[in-house]
Amino acid sequence: MRVLTRWTDLIEAMVDVVTDAREQLVVTGSRSREAAYLAAIETAVAEHADLVHYRVLYGAPRRPELVDHLSRLLELRNPAARRNGVKTLHIGVVERPEAPERFFVASETAAVVPMPSFHGAEGFDCGVLLNREAAVGLVHHGREACASARPVETIEAVRALRVRRE
């Protein structure tokens, strides 16, 4: 485990988790907007056909960049397609208002969980980098959350998600 106390370290660790993913990649949360991170996810999905990607939103997206990202994922992969009998793109939204939003990125080898800032009252610019054992647990958590979420599997369904401004 490693504590990440700077925004640049947090984003670098998140991108590293995505870049190293080969089997499963789980991303949760509705606030993503960092261009390098979203681009890394899209690259991983484009370059690794066997990578199974789960994206779990908690309520509507809070950033237009996230809506654009979801649309690009659907352009890269058809959620209805099966590769070697396995569905490789899962996007879902948890719509229960009482469900707390979860933020993490996890693969089969590592995970990053963003945390509230150590530097001020606003933002999530710190985090924890977790090892394989914890990452596997978070992958399982994210897969279950996605399985119970409402599927968002078409461009039209993504466009119907209204950005919730805060």
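S.K.: Talk me through the pairing of strand β7 (residues 104-107); I want residue IDs and the actual numbers.
M.R.: Burial along β7 is two-sided: the residues Phe104 and Ala106 and Val105 and Ser107 are all buried. Summarising the sheet, strand β2 (residues 24-28) and β7 pair through 4 bridges and their orientation is antiparallel. Paired with leucine 25 across the bridge in β7 is serine 107. Two strands pair when backbone bridges link them, and β7 and strand β8 (residues 111-115) are joined in this way by 2 bridges, in the antiparallel orientation. Residue pairing for β8: valine 105 is matched across the bridge by valine 112. Turn length for the β7-β8 hairpin, with the two strands adjacent in sequence and antiparallel, is 3 residues.

S.K.: Give me the environment of leucine 89: which residues, what numbers.
M.R.: By the element assignment, leucine 89 lies in strand β6 (residues 89-94). Of the residues examined, leucine 89 reaches a relative accessible area of 1% and is grouped as buried. The spatial distance from the C-alpha of leucine 89 to the C-alpha of arginine 77 is 6.8 Å, given a sequence separation of 12 residues. In contact with leucine 89, other than residues within four places in its own chain, are His53, Leu73, Leu74, Arg77 and Pro79.

Reading guide: rules and limits
- Residues numbered from 1 in each chain as written.
- Predicted model: local features only at pLDDT ≥ 70, side-chain atom pairs only at ≥ 80, totals over all residues.
- Heavy atoms only, no water.
- Buried < 20%, exposed > 50% of the residue type's maximum accessible area, 1.4 Å probe, protein only.
- Helix = DSSP H or I, 4+ residues; strand = E, 2+ residues; numbered from the N terminus.
- Pairing = 2+ DSSP bridges.
- Contact = heavy atoms within 4.5 Å.

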